[in-house]
Amino acid sequence: MESSSNNSLPTQFPVSHKSFSLNIKGNKTDIVICKYDDCFMVMATQIGCMGTILHARKEESVSTDPTFHVAVIFGKRDEPFLVACARQLIEHISSYGSTRPLVLSLGLKDHSPGSMKEIIYAVIENRLW
Amino acid sequence: MASEELEENLSELQIGENGEKKPVENDVSEGAVKVSCFTEDLQDVTLHFQIVNFSKQIYAWIGCNSAKLGHLYAAATTRPNNNVSVTSLLGSTSDNTGSSIARRIVLKTGLNVVIACNIPKDSPMLEATAERKLVERLASLGYFRPKEKHSN
């Protein structure tokens, strides 16, 4: 797995990022994770473009259990595993104490649960939150 | 003549380390997707740029004094006639700073673009400067269509 990040530049660029590549079920998958001031962006692609873009946010409520809102803002709206992937990641972000929303882009050849899990594991392993 | 054609055909076949043929077309870089980050300090404003080079798309972020994502736009050529269409994905629809940048990048590169921009509203000069800097960097990365030669 090749990875690069800009965390060691002398004049720090305000947005930190990680870029790496891995093989998921025979498909080369490029993943870029960026940390902005007000959100996280995760891009995972197997097709050379961003694909479907989702927005996931945590909704603060009175009760102790947080609720999350996930929406497809561009692309496939009939693939439930894409929404599930965003939901998993926003919950993980929330469990680490961050309330920032997530912009997730998935350009995948294979929408199987197995591929989604591998992407989620890879993102969590290289998280910036 | 035959030897020239032979040389051209041979140059189209790049033999990799494992003896596999590599097609010579748009350079799909092996390994991770390339992310270019740079900053431009203007007189009273600092512009940050981040470009992610996908093979069939461009993602760019323009930050004005801050590292907020800002408004997100997608732009592409659409049927019929390949006219460029822009849509706002995130952010209020009353503020369309950045949408014109997205549109012009598509016109120049022919690729789909997704632009995130947090330049404040009603700053056309700043928007123009940001677009110029972004276009310069995209040109250096080889994204622009070659100009057609007109034969007279």
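Computed from a predicted model, the values in this text were never measured in an experiment. (Residues numbered from 1 in each chain as written. Chains lettered and ligands numbered in written order. Predicted model: local features only at pLDDT ≥ 70, side-chain atom pairs only at ≥ 80, totals over all residues. Heavy atoms only, no water.)

A. Main features of the nonpolar core. Residue and element names in this part refer to chain A. Ranked by internal contacts, the top residues of the largest apolar core, which has 31 residues, are Ile31, Leu54, Leu102, Leu104, Leu106 and Val123. Elements represented by at least two residues in this core include exactly strand E2 (16-24), strand E3 (27-35), strand E4 (40-45), strand E5 (52-59), strand E6 (67-74), helix H1 (80-95), strand E7 (102-107) and helix H2 (113-125). In this structure, Leu102 is in contact with Phe40, Val42, Leu54, His55, Ala56, Ala86, Leu89, Ile90 and Ile93, ignoring residues within four places of it in sequence. (Core = buried A, V, L, I, M, F, W, Y, C linked by side-chain atoms within 4.5 Å. Buried < 20%, exposed > 50% of the residue type's maximum accessible area, 1.4 Å probe, protein only. Helix = DSSP H or I, 4+ residues; strand = E, 2+ residues; numbered from the N terminus. Contact = heavy atoms within 4.5 Å.)

B. View of the interface of chain A and chain B. With 30 residues of chain A at the contact, the number on the chain B side is 29 residues. In total, about 2,300 Å² of surface goes out of reach between chain A and chain B, with carbon and sulfur atoms giving 72% of it. Looking only at chain A, the three residues that lose the most surface to chain B are Phe13, Tyr36 and Met50 of chain A, adding up to 22% of its buried area. Joining chain A to chain B, the criterion identifies 0 salt bridges. (Buried area = accessible area lost by both parts, 1.4 Å probe. Salt bridge = Lys/Arg side-chain N within 4 Å of Asp/Glu carboxyl O.)

C. Region of the structure containing the pairing of E3 of chain A. Residue and element names in this part refer to chain A. Along E3, 7 of the 9 residues are buried, which leaves the element largely enclosed by surrounding structure. Inspection of the sheet shows E2 paired to E3 by 9 bridges, in the antiparallel sense. Bridge pairing links Ser16 to Lys35 in E3. Hairpin connection between E2 and E3: a loop of 2 residues separates the two successive antiparallel strands, and Lys25 in this loop has a positive phi of roughly 55°. Sheet topology places E3 next to E4; 6 bridges connect them, and they run antiparallel. (Pairing = 2+ DSSP bridges.)

D. Broad picture of the state of the cysteines. A complete count under the given rule lists 0 disulfides over all chains for this structure. Cys37 of chain B forms no disulfide, and the closest cysteine sulfur to it belongs to Cys34 of chain A, at a distance of 7.5 Å. (Disulfide = S-S within 2.5 Å.)

E. Main features of the side chain of Thr45 of chain A. Turning to its location among the elements, Thr45 of chain A is positioned in strand E4. For Thr45 of chain A, a relative accessible area of 2% puts it in the buried group. Polar contacts involving the side chain of Thr45 of chain A include one to the main-chain amide nitrogen of Gly48 of chain A, which spans 3.1 Å. Excluding residues that lie within four positions of it along the chain, Thr45 of chain A makes contacts with Lys28, Thr29, Asp30 and Gly107 of chain A together with Phe54 of chain B. (Polar contact = N/O pair within 3.5 Å; in protein donor to acceptor, adjacent residues only side chain to side chain.)

F. Structural context of the layout of surface pockets. As a volume, the second largest pocket reaches approximately 190 Å³. In terms of lining residues, the second largest pocket is bounded by 13 residues, among which Phe74 of chain A together with Ala74, Ala75, Ala76 and Asn112 of chain B are the most central. With 4 residues, strand E6 (residues 71-78) of chain B is the largest single contributor of residues to the lining of the second largest pocket. The residue inventory of the lining of the second largest pocket, partitioned by class, reads 7 nonpolar, 6 polar and no charged. (1 Å grid on protein atoms, 1.4 Å probe; cavity = no way out; pocket = protein on both sides within 12 Å on 5 of 7 lines; lining within 4 Å. Points joined across faces, edges and corners; volume = space filled by probe spheres on them. Nonpolar A, V, L, I, M, F, W, Y, C, P; charged D, E, K, R; others polar.)

G. Molecular detail of the sheet that holds strand E7 (residues 83-90) of chain B. Residue and element names in this part refer to chain B. One open sheet holds the 6 strands; their spatial order is E3-E4-E5-E8-E6-E7, and the pairing between them is mixed. Here the strands that pair on one side only, and so sit at the sheet edges, are strand E3 (34-41) and E7. Ignoring strand direction, the axes of neighbouring strands in this sheet form an average angle of 15°. In the sheet, E3 pairs with strand E4 (residues 46-53) via 8 bridges, with the strands oriented antiparallel. The residue bridging Cys37 from the neighbouring strand is Gln50, located in E4. Its contacts with the sheet place helix H2 (residues 99-109) against strand E5 (57-64), E6, E7 and strand E8 (112-117), and it is angled at close to 35° to E6. The sheet strands contacting helix H3 (residues 124-140) are E3, E4, E5 and E8, and the helix crosses E4 at an angle near 40°. (Axes fitted to C-alpha atoms, helices over the stretch in contact; angles between N-to-C directions.)

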